[in-house]
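So the chains spell out like this:
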Amino acid sequence: MLADLHGRLDRAERDVTEALHDFFSNGSVLDRLKGTGTVSQKAAQDLGFVGMAARSAGIAMDVRKDHPVGWWCESPAQAAVASGGDVFSRALVRRLEIAESIRYIRHNLDALPAGSVKAECPPPRPNMLAVALTEGWRGEVAHVAITDEQGKFARYKITDPSFHNWMALTLALRGQQISDFPLCNKSFNLSYCGFDL
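Scope of this entry: the structure provided in the associated data block. All values reported here derive from a predicted model rather than from experimental measurement.

Parameters at a glance
Residues numbered from 1 in each chain as written. Predicted model: local features only at pLDDT ≥ 70, side-chain atom pairs only at ≥ 80, totals over all residues. Heavy atoms only, no water. Pairing = 2+ DSSP bridges. Helix = DSSP H or I, 4+ residues; strand = E, 2+ residues; numbered from the N terminus. Axes fitted to C-alpha atoms, helices over the stretch in contact; angles between N-to-C directions. Patch = residues over 30% accessible without salt bridge, like charges linked within 9 Å, V, L, I, M, F, W, Y side chains within 5 Å. Areas by Shrake-Rupley, 256 points an atom, 1.4 Å probe, with all protein chains shown as cover. Salt bridge = Lys/Arg side-chain N within 4 Å of Asp/Glu carboxyl O. Buried < 20%, exposed > 50% of the residue type's maximum accessible area, 1.4 Å probe, protein only. Parallel < 35°, antiparallel > 145°, perpendicular 65-115°, else oblique. Left-handed = near helix turned anticlockwise from the far one by under 90°. Contact = heavy atoms within 4.5 Å. Nonpolar A, V, L, I, M, F, W, Y, C, P; charged D, E, K, R; others polar.

**With respect to the sheet that holds strand S1 (residues 129-135)**
- Strand order across the open sheet formed by 3 strands is S1-S2-S3, with antiparallel pairing between neighbours. Each having just a single partner strand, S1 and strand S3 (153-159) make up the two edges of the open sheet. For this sheet, the mean angle separating the axes of adjacent strands, direction not counted, is 10 degrees.
- Pairing of S1 with strand S2 (residues 140-147), which is carried by 7 bridges, proceeds in the antiparallel orientation. Looking across to S2, one finds that Ala-132 is bridged to His-143.

**Details of a nonpolar patch on the surface**
- On the surface, Leu-129, Val-131, Leu-133 and Ile-146 cluster together to form a nonpolar patch covering roughly 350 Å² of accessible area.
- In terms of residues, the nonpolar patch owes the most to one element, S1, which gives 3 residues.
- Tracing the chain through its elements places Leu-129 in strand S1.

**Side note on the environment of Val-69**
- Structurally, Val-69 is set in the loop between helix H5 (63-66) and helix H6 (71-74).
- Spatially, the C-alpha atoms of Val-69 and Leu-133 are 9.7 Å apart, while their sequence positions differ by 64 residues.

**Describing unusual backbone geometry**
- Even without being a glycine, Asn-127 presents a positive backbone phi close to 50 degrees.
- Relative to the assigned elements, Asn-127 resides in the loop between helix H7 (87-109) and S1.
- Residue classification places Asn-127 among the exposed positions, given a relative accessible area of 52%.
- Despite not being glycine, Asn-189 shows a phi value in the positive range, around 50 degrees.
- Looking at where Asn-189 falls in the secondary structure, it is placed in the loop between helix H9 (181-188) and helix H10 (192-196).

**Here we look at the packing of helix H8 (residues 161-173) against H9**
- Running from N to C, H8 and H9 point in directions that differ by 150 degrees, and their axes come no closer than 10 Å. Taken together, the axes of H8 and H9 are roughly antiparallel relative to one another. The two elements H8 and H9 meet at a crossing, and its hand is right-handed. For the pair formed by H8 and H9, the contact residues are Ala-168, Leu-169, Ala-172 and Leu-173 on the first element and Phe-181, Cys-184, Asn-185 and Phe-188 on the second.
- Looking at side-chain class alone, the contact of H8 with H9 contains 7 nonpolar, 1 polar and no charged residues.

Okay, structure coming up:
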């Protein structure tokens, strides 16, 4: 299985590397991305952006690094950061994240610990509050659970990174032409339903 996974990873890396080279070496593409939809580092920090929206504005925050648990403590990932805050920086962060993901998976495939791939989870304890943070592909995903006297869920709330980052799109469009909306919108690739969770 490991050999098969390595082979798949090699093929995916070849394909994506070629596509990224074509994308990032095209002058007209770069002219369209650079300087479009800029969000300042101060605005990203003041408004609490997370994930790629924050990292593309020069804020090196990543749940895997800032709040590591489990395997992330043993084998930390590197956060991809750019400083321009524009559409180009958001594309660059994604490019760097792809490279880091390939590196990380390749490095850790052969270091998988022995044993079962799953463990039994005990039932929730009564009258507890639990918080879990995960670095999703859009950024920080938060789960908060509260249990009642019987240990059953009384409340459960999920916060998608899009909830934190919608203002980024608003700021990116200030002073831009209406034709920049689709480009800016997709550069953040926010979830409409994620905002309403």
